Amino acid sequence: MITIGQLAGYAGVSVKTVRVYHAKGLLPEPGRDASGYRRYGAQDAIDLIKIRALAEAGVPLSRIRELRAADEEEFRRALRAVDDDLTARIRELRTTQARLRRLAAGDLSPLPDEVTAHLAELSGWGFTPRWVELQRDLWILVFATHPDHAITLFHDQARTLADPEPRQLFLDYDRAHDLDPDDPRVDDLAGRIARAHRERYGPAGPPGPTDSEIPALIQGTVNASSPAWRRLDTLIRARLGLPSS
């Protein structure tokens, strides 16, 4: 007969682990001998090694007792179910790992790859880093709050920017950031943007949810970063007959 420490050593686990298995009813706890020690036999060692093997294979402790009492077919069926669960967990862990690696590389935006690629393209078109970062943050907000509409909105903007003429309006909007709000170029740009908006969308307006507060929040964020952009928004809304933000 051996002590709990010897049993744990032979099975390759800690004494604490043996006691956990006792508490969960996986391994019967023997009575104490005349000296007050619990003594274990060969069958206890065999049972403990089997329990350890199942636990190391990923079988939850809550299921090990059930598996050890199952017949051969039930055992195999239960192990297949455990295998399926592990496969799903592995997929989740790989997804999490990929996210961690993107975070480690400095990519904090939970955005689809096509959006990330589009944002990278903006710099090559001449947009300022300030504009690119602003667009990234705004798309994060849109995809988080309106996942059903976000990709449609993104594709609409991507198609617009693929056309050099409307893209120039966005570039001019970007560069207006540091203008004085009363600069005549602000008024001229507002007129050009309003005309382009009417030509592109007509009275229906751009795609997307019509009962959401998010567009106003987005425009508020844009306006707060530049007095000139705030005046642009006011002028564009006046020309389109829209309520002030």
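It should be noted that the structure appears before, not after, this text.
Heads up: these notes are all about the structure in this document. The shown structure was predicted, so the numbers you read here are calculated from the model rather than taken from an experiment.

Further remarks concern the pattern of salt bridges. Here the structure, examined in full by the defined rule, presents 14 salt bridges. Close ionic contact of Arg200 with Asp156 constitutes a salt bridge, the shortest N to O distance being 3.3 Å. In this pair, Arg200 is assigned in helix H10 (residues 184-201) and Asp156 in helix H8 (residues 147-162), connecting sequence segments 44 residues apart. Judged by relative accessible area, which is 11%, Asp156 ranks as buried.

We now examine the environment of Pro112. Here Pro112 is to be found in the loop between helix H5 (72-104) and helix H6 (113-124). Residue class for Pro112 comes out partly exposed when judged on its relative accessible area of 28%. Taking the C-alpha atoms as reference points, Pro112 and Ile140, 28 residues apart in sequence, are found 9.8 Å from one another.

It is worth spelling out the nonpolar core at this point. The nonpolar side chains of soluble globular proteins are, as a tendency, buried together. One finds Trp139, Tyr173, Trp229 and Leu232 to be the most contacted residues of the largest nonpolar core, which totals 32 residues. The element contributing the most residues to this core is helix H7 (residues 129-145), with seven residues. Beyond its immediate stretch of four places on either side in the chain, Trp139 contacts Leu111, Val115, Leu119, Ala150, Leu153, Phe154 and Gln157. Of all hydrophobic cores here, the second largest spans 20 residues; its members include Ile4, Val13, Leu27 and Ala45.

Analysis parameters
Residues numbered from 1 in each chain as written. Predicted model: local features only at pLDDT ≥ 70, side-chain atom pairs only at ≥ 80, totals over all residues. Heavy atoms only, no water. Salt bridge = Lys/Arg side-chain N within 4 Å of Asp/Glu carboxyl O. Helix = DSSP H or I, 4+ residues; strand = E, 2+ residues; numbered from the N terminus. Buried < 20%, exposed > 50% of the residue type's maximum accessible area, 1.4 Å probe, protein only. Core = buried A, V, L, I, M, F, W, Y, C linked by side-chain atoms within 4.5 Å. Contact = heavy atoms within 4.5 Å.

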